[in-house]
Protein chains: 2
Amino acid sequence: MPDAPALDFIFHPKSIAIAGVSAKEGAGFGGGGFVASLQEIGFRGPIYLIHPTAPAIRGLKCYPSLRDIPDDVDYVISSVPARFVPQLLEDCIAKGVRVLHLFTAGFTETGDAERAKMEQAIVARAREAGIRIIGPNCMGLYVPASRLAMMPGQPPEPGPVGMVSQSGMNAGEFVRYATPRGVRCSKVISFGNGADLKAADFLEYLADDPETGIIVSYLEGIQDGPRLARVIRRTAALKPLVILKSGRTEAGSRAANSHTASLAGSLQVFDALCRQAGAIRVESLEELTDMAVTFQFVKRLSGPNIVVVGGGGGASVLAADDLAAAGLVLPQLLPETQEALAKVTDEAGTSIRNPIDTTSVWEDEGFEATFRPVAEAPNVDVILYHTGFGTGPMARVGDVRTRMARQAETLGRVQRESGKPVVVAIRPATNVEGFQQSLDFQELCWRAGLATYPSIARAGVALGHLLRWQRMRGDIPPTP
Amino acid sequence: MPDAPALDFIFHPKSIAIAGVSAKEGAGFGGGGFVASLQEIGFRGPIYLIHPTAPAIRGLKCYPSLRDIPDDVDYVISSVPARFVPQLLEDCIAKGVRVLHLFTAGFTETGDAERAKMEQAIVARAREAGIRIIGPNCMGLYVPASRLAMMPGQPPEPGPVGMVSQSGMNAGEFVRYATPRGVRCSKVISFGNGADLKAADFLEYLADDPETGIIVSYLEGIQDGPRLARVIRRTAALKPLVILKSGRTEAGSRAANSHTASLAGSLQVFDALCRQAGAIRVESLEELTDMAVTFQFVKRLSGPNIVVVGGGGGASVLAADDLAAAGLVLPQLLPETQEALAKVTDEAGTSIRNPIDTTSVWEDEGFEATFRPVAEAPNVDVILYHTGFGTGPMARVGDVRTRMARQAETLGRVQRESGKPVVVAIRPATNVEGFQQSLDFQELCWRAGLATYPSIARAGVALGHLLRWQRMRGDIPPTP
């Protein structure tokens, strides 16, 4: 807690200098990538480039060294080779820089003792001078409110999700997959080797950050186990905390060590810690993304009873299996609910039992008339609608765009008026037209306040996690 | 065995009559859908439509009844309501029809005793007259060599995969997902309630069908358990057999009963049968599709040792976990392999250990120079390449199309020359450009003979199944 407000300054730089930008235009990875990302998201302060000879790169003036920059610089991104970092650090100290983000790799993670020693020396010198280091071997920060981005394509609108990731790629992939589903972030942190600032520092910060309501994390190693355990317990008590811990196999542990010099530790111990702390441990980046969607849009369930609505018998049967296996309950529909559905459903080849497999969802009136009685039924806690684009009945509808807009609007209204979450599973498309329509429908849905998932099974796993998390907190009555 | 050749005639109709086509153009589901699908795939014989009043629909002449058709008809598709089926059957008998495909639903699956009785009466009458029934409540056949299709978009080229599916939707989804990954089919059968011809009949047929090398199946219920068990044992002894059995939960069993009147039976018993028979039981349609890809393209592994190649440390660590958890082994690379890789790999931020995380895969020369030493190493059985499109380094390459064509060509050549399978995992795209590129790369890969998967985890699960299947057959030495 005492550290958290103190750390706030690293997320709000006033000016940035980048060392190690190639003079060759179009160099997309490394320093040039940071320049492009910051320009795209619209960083509001000055960006200074450090280059030994080039006068300007990407329209920005270059300086031979950090010390040559005439104005104040509080944040430096290093993309220079590892051997130049000690000199850059001395320049940072001379210049009064407060944060050094080392994209630069080639330290402890190489397995080379000399390079590990160099990393330690850099951290010791920085601490002495009061400079905090993010990294090395990381992508740094994505903070929409500060217009900081680590990769191109990251949206400028902020949101409630904070992320702490040991891998820059996985942080980027999380944002890339979560964004089109409506997830928006407060702070995303890639911290690599964590030589100075570690997972525990960032988790502790996010736990106290008023802009962060949900925390997700990708961890490869355990640094200072007892402190991390304390921080996880405290963070999970304050906010939903979802953790993807790699290194669950011997091969994964070896890879983690080679990637960020991480010592993975025992998964059993970590798993026990999460259970005890009330943190949700997931097994994949997909599941981590699904949980961010679930906590941002579904928030909570009043119970385990789910009703499935969609066209297609085979999908319905698999849906029932997948959802029940995830810990949800598919209640039998009450007679009055079935009567209401019978009015809008052809009898043959359909089912008004749960899952509801009905062609009425392909008609405008039938659509609302199917969802309304289900949402009003007393034995229903959440409704799942599944659909797909590019083939099947929706592909043959004249005006798909109008149809999907009405569907999203209706589902959003049903969710609002009934107070029961409505979630949407959109089957993966196999052609470009279907993919574009799926993206469009996904956006219409999240803008209407709905959680979207790429499959029924993934929706089930996420809702199952939410349910168990609520139960752990005594939030809903345990099921029979 | 005696039945199998006898059943061959149902897959080779000379002429088809369809009853229950709407006169309204554009009616996509039901009779009109079959007309459109048969026209699209280019059915070679005449297609007759039965309609009480319309003179022609979709350019095809209509007849008031089956008996009014002047020529021979050997195959009839029924899309009329259930109550008209008995009369249609009498017409079939009078006309000498050999196969009646009942798309028509509304029989036993409704749970109504009268309707169940009607279904039984129809089957009894058909048997008496020597007519075989496919269905009711099903999509029937997709047989490329006979130019029969059950849905639009099914390709006319035949291939080695046969499918027996109780659900038409799941058969269609299987074809839709498997086709862009290069899977081609011999016969795909949707048989619904299985009132006459059942799963066992079709499996027995495919076991003996010379055009079928791989068999996948989606089953909801167990009809005549002892016979099905015998057929599964015999089929699995002859060909790779992969089964997705729904009804693994109580909710799923209920849904199966409501969908195809199926009694799901005990999953434990079914699972034991599969294990004993050497059939592979999978948990989802995605996994079923992955196994078709794996048996068609990978075929067999010489051992469990997999090397992972791609850019991105976070993805590499998760890859190692996912593959090891699936039962594969990530060997440490030999010194000579590492030396060869060191020549083409930047040192910082990359790894030439396994997983290999290297920027060299984004360069033309580096690409081949990375894969060749790996494929030549004696401690490697299979290589996995992972990549993605629409963001990241590949998005910034000038000519993506040329680059991806070279990559697919190189990987295909490495696979051929080394005799070791190379498989490709393509991360899901999040924008239309990336999606189109992913589809293009996927096609280039399968045309080069490579198995493709939508994620590393799914590739791992599929290869793990293959490995255990081979071990069960004594095909590779068991691993330590």
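Quick note: structure is the one above.
Right, let's walk through the structure included here. Model, not experiment: these values are computed from the prediction. (Residues numbered from 1 in each chain as written. Chains lettered and ligands numbered in written order. Predicted model: local features only at pLDDT ≥ 70, side-chain atom pairs only at ≥ 80, totals over all residues. Heavy atoms only, no water.)

Digging into the relation of the copies chain A and chain B
- With an RMSD of 0.0 Å, chain A superimposes on chain B once it is rotated by 180° and translated 0.0 Å along the axis. Here the symmetry operator amounts to a two-fold rotation axis. By C-alpha distance to the rotation axis, the residue of chain A lying nearest is Val432 of chain A, at 3.4 Å.
- A high fraction, 100%, of the interface residues of chain A reappear at the interface in chain B, so the copies pair face to face through one surface. (Least-squares fit on C-alpha atoms with pLDDT ≥ 70 in both. Contact = heavy atoms within 4.5 Å.)

Quick notes on the pairing of strand S1 (residues 16–19) of chain A
Residues and elements named next belong to chain A.
- With burial as the criterion, each face of S1 is covered, one bearing Ile16 and Ile18 and the other bearing Ala17 and Ala19.
- Judged from the four bridges that link them, S1 and strand S5 (residues 75–78) form a sheet pairing that is parallel. For Ala19, the partnering residue across the bridge sits in S5 and is Ser78.
- One ladder, built from four bridges, connects S1 with strand S2 (residues 47–50); its direction is parallel. Within the sheet, the bridge partner assigned to Ile18 lies in S2 and is Leu49. (Buried < 20%, exposed > 50% of the residue type's maximum accessible area, 1.4 Å probe, protein only. Helix = DSSP H or I, 4+ residues; strand = E, 2+ residues; numbered from the N terminus. Pairing = 2+ DSSP bridges.)

Re the interface of chain A and chain B
- Counting residues at the interface gives 68 residues for chain A, matched by 68 residues for chain B.
- Both sides together, the interface formed by chain A and chain B hides about 5100 Å², and carbon and sulfur atoms give 58% of it.
- One can count four salt bridges joining chain A with chain B.
- Ionic pairing is found between Arg427 of chain B and Glu173 of chain A, a salt bridge with its closest N-O pair at 3.3 Å. (Buried area = accessible area lost by both parts, 1.4 Å probe. Salt bridge = Lys/Arg side-chain N within 4 Å of Asp/Glu carboxyl O.)

Focus: the packing of helix H11 (residues 313–325) of chain A against helix H8 (residues 250–260) of chain B
- Where H11 of chain A contacts H8 of chain B, the two axes come as close as 7 Å, and the packing angle between them is 170°. In terms of orientation, H11 of chain A lies roughly antiparallel with respect to H8 of chain B. Considering the relative orientation of H11 of chain A and H8 of chain B, their crossing is right-handed. Contact with H11 of chain A, carried on its side by Gly313, Gly314, Ser316, Val317, Ala320, Asp321 and Ala324 of chain A, involves Ala251, Gly252, Ala255, Ala256 and His259 of chain B of H8 of chain B and no other residues of that element.
- A breakdown of the residues in the contact of H11 of chain A with H8 of chain B according to their chemical character gives six nonpolar, five polar and one charged. (Axes fitted to C-alpha atoms, helices over the stretch in contact; angles between N-to-C directions. Parallel < 35°, antiparallel > 145°, perpendicular 65-115°, else oblique. Left-handed = near helix turned anticlockwise from the far one by under 90°. Nonpolar A, V, L, I, M, F, W, Y, C, P; charged D, E, K, R; others polar.)

Quick look at unusual backbone geometry
- Residue Pro136 of chain A is reached from Gly135 of chain A by a cis peptide bond, and omega for that bond is 0°.
- Among the secondary structure elements, Pro136 of chain A is positioned in the loop between strand S7 (132–134) and strand S8 (140–142).
- For the peptide bond that leads from Asn354 of chain A to Pro355 of chain A, omega is 5°, which places it in the cis range.
- One can find Pro355 of chain A in the loop between helix H12 (335–342) and strand S15 (356–357).
- The backbone of Arg58 of chain A sits at a positive phi, close to 50°, despite the residue not being glycine.
- Its location among the elements puts Arg58 of chain A in the loop between strand S3 (56–57) and strand S4 (60–63).
- Here Asp224 of chain B, not a glycine, exhibits a phi torsion of approximately 50°, which is positive.
- Relative to the helices and strands, Asp224 of chain B is located in the loop between strand S11 (214–219) and helix H7 (225–238).

Some details on the sheet that holds strand S6 (residues 99–102) of chain A
- Taken in spatial order, the seven strands make up an open sheet running S3-S4-S2-S1-S5-S6-S7 (chain A), and their pairing is mixed. For this open sheet the edge positions go to S3 and S7 of chain A, each flanked by a neighbour on one side alone.

Considering the environment of Ser284 of chain A
Residues and elements named next belong to chain A.
- The residue Ser284 is located in the loop between strand S13 (280–282) and helix H10 (285–298) in this model.
- Using a relative accessible area of 18% as the deciding quantity, one classes Ser284 as buried.
- A polar contact of 3.1 Å, which involves the side chain of Ser284, links it to the backbone nitrogen of Glu287. (Polar contact = N/O pair within 3.5 Å; in protein donor to acceptor, adjacent residues only side chain to side chain.)

A word on the pattern of salt bridges
- Summed over the entire model, instances satisfying the criterion amount to 60 salt bridges over all chains.
- Close ionic contact of Glu128 of chain B with Arg125 of chain B constitutes a salt bridge, the shortest N to O distance being 2.6 Å. Highlighted residues: Glu128 of chain B and Arg125 of chain B, both in helix H4 (residues 113–129), separated by three residues, approximately one helical turn.
- One salt bridge in this structure joins Asp196 of chain B and Arg132 of chain B, with 3.1 Å as the shortest N-O distance. With Asp196 of chain B in the loop between strand S10 (185–190) and helix H6 (199–208) and Arg132 of chain B in strand S7 (residues 132–134), this residue pair connects regions lying 64 residues apart in the sequence.
- Its relative accessible area of 2% is what places Asp196 of chain B among the buried residues.
- A network of salt bridges, in which partner residues are shared, links Arg248, Asp271, Arg275, Arg281 and Glu283 of chain A together with Asp322 of chain B.

Describing the nonpolar core
- Residues Ile18, Phe174 and Ile232 of chain A together with Ile18, Phe174 and Ile232 of chain B are the most contacted members of the largest nonpolar core, which totals 212 residues.
- Among all residues touching Phe174 of chain B, those that are not within four sequence positions of it are Val161, Met163, Val183, Cys185, Val216, Leu288, Thr289 and Ala292 of chain B. (Core = buried A, V, L, I, M, F, W, Y, C linked by side-chain atoms within 4.5 Å.)

Examining the sheet that holds strand S10 (residues 185–190) of chain A
All names here are of chain A.
- Spatial ordering of the open sheet is given by S8-S10-S9-S11-S12-S13, a layout of six strands whose pairing is mixed. Each edge of the sheet is formed by a strand with only one pairing partner; in this case those strands are S8 and S13. Within this sheet the neighbouring strands show an average axis-to-axis angle of 15°, counted without direction.
- One ladder, built from three bridges, connects strand S12 (residues 241–245) with S13; its direction is parallel. What sits directly across from Val242, in S13, is Ile280.

Some thoughts on the side chain of Asp322 of chain B
- Note that Asp322 of chain B resides in helix H11 (residues 313–325).
- We classify Asp322 of chain B as buried; its relative accessible area is 18%.
- Not counting chain neighbours up to four residues away, the residues in contact with Asp322 of chain B comprise Arg248 and Glu283 of chain A together with Ala457 of chain B.

Quick word on the packing of helix H6 (residues 199–208) of chain A against helix H7 (residues 225–238) of chain A
Residue and element names in this part refer to chain A.
- Relative orientation of the contacting elements H6 and H7 amounts to 20°, with a least axis distance of 9 Å. Taken together, the axes of H6 and H7 are roughly parallel relative to one another. Crossing angle aside, the handedness with which H6 passes H7 is left-handed. Where H6 abuts H7, its residues Ala199, Ala200, Asp201, Leu203, Glu204, Ala207 and Asp208 lie against Arg227, Leu228, Val231, Ile232, Arg234, Thr235 and Leu238.

Topic: the packing of aromatic side chains
- Scanning the model with the defined rule gives 19 aromatic pairs over all chains in all.
- Geometrically, the ring pair formed by Phe34 of chain A and Phe103 of chain A is edge-to-face, given 5.3 Å between the ring centres and 75° between the ring planes. One end of the pair, Phe34 of chain A, is in helix H2 (residues 31–41); the other, Phe103 of chain A, is in the loop between S6 and helix H4 (113–129), and 69 residues separate them in sequence.
- On the accessibility criterion, Phe103 of chain A (16% relative accessible area) is buried.
- Both rings, one in Phe191 of chain B and one in Phe202 of chain B, keep their centres 6.0 Å apart while their planes meet at 40°; by these two values the pair is tilted. Here Phe191 of chain B is found in the loop between S10 and H6, whereas its partner Phe202 of chain B is found in helix H6, with 11 residues between them in sequence. (Phe/Tyr/Trp six-rings, centres within 6.5 Å; stacked < 30°, edge-to-face > 60°.)

Focus: helix H8 (residues 250–260) of chain A
- The complete set of buried residues in H8 of chain A reads Ala251, Gly252, Ala255, Ala256, Ser258, His259 and Thr260 of chain A. Buried residues of H8 of chain A fall within an arc of 165° about the axis and therefore sit on the same side.
- In this structure, the buried side of H8 of chain A is in contact with H11 of chain B.
- Just downstream of H8 of chain A, Ala261 of chain A is the residue with a positive phi angle, here 60°. (Arc of directions from axis to C-beta.)

Describing the pairing of strand S9 (residues 161–165) of chain A
Residues and elements named next belong to chain A.
- Extensive coverage of S9 is indicated by the burial of five of its five residues.
- Side chains of S9 alternate between two faces, with Val161, Met163 and Ser165 and Gly162 and Val164 buried alike.
- Sheet topology places S9 next to S10; four bridges connect them, and they run parallel. Opposite Val164, over in S10, you have Ile189 as the bridge partner.
- Handedness of the crossover joining S9 and S10 through helix H5 (residues 168–178) is recorded here as right-handed. (Right-handed = clockwise from strand over helix to strand, strands pointing away.)

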